[in-house]
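The chain contents come next:
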Amino acid sequence: MVQERTLPVFQTAGANITREEGLMLYEDMVLGRAFEDKCAEMYYRGKMFGFVHLYNGQEAVSTGVIRAMRPGEDFVCSTYRDHVHALSVGVPADNVMAELFGKVTGCSKGRGGSMHLFSAEHRLLGGYAFIGEGIPVALGAAFQTKYRREAMGDATADQVTACFFGDGTTNNGQFYECLNMAALWKLPILFVVENNKWAIGMAHERATSQPEIYRKASVFGMPGVEVDGMDVLAVRAVAQEAIARARAGEGPTLIEALTYRFRGHSLADPDELRSKAEKEFWFARDPIKRLAAYMTEQSLATQDELKAIEHRVQDVIERAVKFAQESPEPDPADLYKYVFAEDDP
Amino acid sequence: MAETLLYNALREAIDEEMGRDPTVYVLGEDVGHYGGSYKVTKDLYKKYGELRVLDTPIAENSFTGMAVGSAMTGLRPIIEGMNMGFLLLAFNQIANNAGMLRYTSGGNFKIPMVIRGPGGVGRQLGAEHSQRLEAYFQGVPGLKMVACSTPYNAKGLLKAAIRDDNPVLFFEHVLLYNLKQDLPDEEYILPLNRAEIVRPGKDVTILTYSRMRHHVMQAVKTLTKEGYDPEVIDLISLKPLDFETIGPSIQKTHRVIIVEECMKSGGIGAELTASINDRLFDELDAPVLRMASQDIPTPYNGMLENLTIVQPPQIVEAVKKMVGGKI
Ligand SMILES: Cc1ncc(C[n+]2csc(CCOP(=O)(O)OP(=O)(O)O)c2C)c(N)n1
Ligand SMILES: [Mg+2]
């Protein structure tokens, strides 16, 4: 096992979250976890197909960042590991599950699948199946905000865009090209790296000359921060600061969240390369258990209240599966629908 | 009526559309201060500001993706490829995101954008600056492809492309920028999906586009003097192909010659031939003749370069042979 990086310490005393905020963050993370566990079950039961990438273990990053944003106004851009980002922005579990089942009630009408979740209503710019290709798209949404404000004189245009991607993706040119443009034009965007130490079977240290990704921000003159990605309160604090900066027109931030995926790269991955010791180190840092402990220690919630949330989420998931199962397939007559704008006026 | 050079006709189209719709903007390398590599955007930044005529770093794939993201969120970007060939670096964003994203998203997003710029085989520019890209892009679902060929159609088509709600690849030819033509003073727009009957005739249908239209018309001058009467159609829309215009012409002439600058393998002519055989085989009195450029990188040497693309005398010969019943 490679030496683990020292995780930055976050003083939870300064977190200052209310009981309501704490419960909201907890519920969002539990929803993400339970949804993914159900996906694994449904995949093995032959209900969903293709490459399915689960987010277990990384929940604090999605929840910490997205739940610090303005729902339905700010933009979020994801990758192929996108189910939980979609849930955090508010796409109903029903429509995410239905998409995975390939049903017409899915958020992408059954045309996208696991790696291509979209929702214009929730300002989810999409899941992107190719490494790095979502970063320029997110940059475009951020550019659009600046354009509306400065070229069209719309004073209400202060939306922020958050763009999520993995450690492996930071070795791709689009990452550097977009960091440059974002800093150059001071675009309101957060580049959120989910450094889970692996890009399928490629260990991060074997792929990059400077493993501390947040440091790569400095050469672009942009703030770069590392954060314990297993601590939702720490992620939230860092995100809030970056969002405020972006909204104030002060430009982008690169956030490197140190995290870990608790499952293989995808459900097709035998996961043979990661050591037991490494996994155990990270399992012990489960972000959901961590928040639960904090909430109860601080008397923000009781065990029973947290249990009640878990039950409620289980119901949501069961209903989503039922919804997906009972939803119709797309109409074969609509095979060509959505190729061009005029096909669906 | 004002005599207008083709590059200025394009500039007028962009200027008019930017004036009309504040969401329209131009981005690309040297489109602002420098005015574009062929001066199509000259001084527009002075009128519309540096955000609406955005000089980008040399990062084709990323600024193309940025245009996609801005189009998804309500703007109407016009990308200028400094040379269209450079957009090979943007192939991923053009194919996956501009082309397919609307479908993949189940109609969640539309992507109104234009990707335009100088292309085609220039004069001794060497292989990389003399590309025939339409062959590469034609397989991408969700893209429209248009090739302009005169100042008149350049302006009317570009305006239509900017207003279209889909991604449009708009091909200009480096050797046509200085063509001159009188343009109407009043505003006009041309449909993106319509071929243009350049010259009606009855002997043979010649299907062509972009610069080859002018090679064909040169050949036609010779042919008509000798009593031949070919029909010339400028495809304009390379994707989708306008069979509403092509079909009736073939039903009239029963003979087809395709003249293109594209490479032969997997080119526009290849697709066109296959589609004609699919739809109109019984109408044909002779096999479709495909005159395309050679399947080689465009050579630098001027003589070799001329051998690479179709020349007017070859078109004259081909028409005579076909109409004379020799093929
Ligand atoms: C352009 C491209 N190349 C290769 C792949 C195959 N691929 C899918 S995920 C992945 C690893 C990405 O790792 P990282 O960026 O760290 O994200 P993670 O999966 O760990 O969340 C690779 C190589 C791809 N999807 N796209
Ligand atoms: Mg990774």
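A brief look at the structure comes next.

Rules and cut-offs
Residues numbered from 1 in each chain as written. Chains lettered and ligands numbered in written order. Predicted model: local features only at pLDDT ≥ 70, side-chain atom pairs only at ≥ 80, totals over all residues. Axes fitted to C-alpha atoms, helices over the stretch in contact; angles between N-to-C directions. Helix = DSSP H or I, 4+ residues; strand = E, 2+ residues; numbered from the N terminus. Parallel < 35°, antiparallel > 145°, perpendicular 65-115°, else oblique. Left-handed = near helix turned anticlockwise from the far one by under 90°. Contact = placed C-beta atoms within 7 Å. Nonpolar A, V, L, I, M, F, W, Y, C, P; charged D, E, K, R; others polar. Near = placed C-beta within 6 Å. Buried ≥ 20, exposed ≤ 12 C-beta atoms within 10 Å, placed from the backbone. Pairing = 2+ DSSP bridges.

Some thoughts on the packing of helix 5 (residues 134-150) of chain A against helix 3 (residues 60-72) of chain B
For any two helices packed against each other, the geometry is given by the interaxial angle and the distance between the axes.
Here's step 1: Across the interface, helix 5 of chain A lies against helix 3 of chain B with an axial gap of 6 Å and an inter-helix angle of 55°. Judged on the interaxial angle alone, helix 3 of chain B and helix 5 of chain A are oblique. Judged by the sense of rotation from one axis to the other, the crossing of helix 5 of chain A with helix 3 of chain B is right-handed. Residue-level inspection shows Pro136, Val137, Ala138, Leu139, Gly140, Ala141, Phe143 and Gln144 of chain A of helix 5 of chain A in contact with helix 3 of chain B, the latter providing Asn61, Ser62, Gly65, Met66, Ala67, Val68, Gly69, Ser70 and Met72 of chain B.
Here's step 2: Class assignment of the residues belonging to the contact of helix 5 of chain A with helix 3 of chain B gives a composition of 10 nonpolar, 7 polar and no charged.

Brief notes about the packing of helix 2 (residues 59-66) of chain A against helix 8 (residues 232-247) of chain A
All names here are of chain A.
Here's step 1: Relative orientation of the contacting elements helix 2 and helix 8 amounts to 35°, with a least axis distance of 8 Å. In the packing of helix 2 onto helix 8, the handedness of the crossing is right-handed. Across the interface between the two elements, Ala60, Val61, Thr63, Gly64 and Val65 of helix 2 pack against Val232, Val235, Arg236 and Ala239 of helix 8.
Here's step 2: Among the residues making up the contact of helix 2 with helix 8, the classes are represented as 6 nonpolar, 2 polar and 1 charged.

Here we look at the site of ligand 1
Residues and elements named next belong to chain A.
Here's step 1: Around ligand 1, 15 residues are found, and the nearest of them are Ile131, Gly166, Gly168, Thr169 and Ala199.
Here's step 2: Broken down by secondary-structure element, the contributors of at least two residues to the shell around ligand 1 are strand 3 (161-166) and strand 5 (198-199).
Here's step 3: Classifying every residue of the shell around ligand 1 gives 7 nonpolar, 5 polar and 3 charged.

Looking at unusual backbone geometry
Here's step 1: The amide bond that connects Lys239 of chain B to the next residue, Pro240 of chain B, takes the cis arrangement and shows omega of -5°.
Here's step 2: Following the sequence through the fold, Pro240 of chain B ends up in the loop between strand 12 (237-239) and helix 9 (243-253).
Here's step 3: Phi angles above zero are rare outside glycine, and Lys109 of chain A is one such case at about 60°.
Here's step 4: By the element assignment, Lys109 of chain A lies in the loop between helix 4 (93-100) and strand 2 (124-126).
Here's step 5: Located in the positive-phi region is His254 of chain B, a residue other than glycine, with phi close to 60°.
Here's step 6: Within the secondary structure, His254 of chain B sits in the loop between helix 9 and strand 13 (256-263).

Things to note about the interface of chain A and chain B
Here's step 1: On the chain B side, the residues contacting the 35 residues of chain A number 36 residues.
Here's step 2: Secondary structure elements with two or more residues in the side of chain A that touches chain B: strand 2, helix 5 and helix 6 (173-184) of chain A.
Here's step 3: Per element, the largest residue contribution to the side of chain A that touches chain B is 10 residues, and it comes from helix 5 of chain A.

Topic: the environment of Val216 of chain B
Residues and elements named next belong to chain B.
Here's step 1: In this fold, Val216 is placed in helix 8 (residues 212-225).
Here's step 2: Its 28 C-beta neighbours within 10 Å are what place Val216 among the buried residues.
Here's step 3: As a C-alpha pair, Val216 and Gly69 span 147 residues in sequence and 41 Å in three-dimensional space.
Here's step 4: In contact with Val216, not counting residues within four places along its chain, are Ile206, Thr208, Val232, Val259 and Ile315.

Points about the sheet that holds strand 10 (residues 205-208) of chain B
Note on sheets: strands pair through backbone hydrogen bonds, and any given pair is parallel or antiparallel.
Residues and elements named next belong to chain B.
Here's step 1: With mixed pairing, the 5 strands of this open sheet are ordered in space as 9-11-10-13-14. Taken across any chain shown, the strands that pair with only one partner, and hence form the sheet edges, are strand 9 (196-199) and strand 14 (289-293). Neighbour-to-neighbour, the strand axes of this sheet turn through a mean angle of 25°, independent of strand direction.
Here's step 2: In the packing of helix 9 onto the sheet, the strands contacted are strand 9, strand 10, strand 11 (231-234) and strand 13, and the crossing angle to strand 11 comes to about 165°.

It is worth stressing that arrangement in space is one thing and function is another; only the former is reported here.
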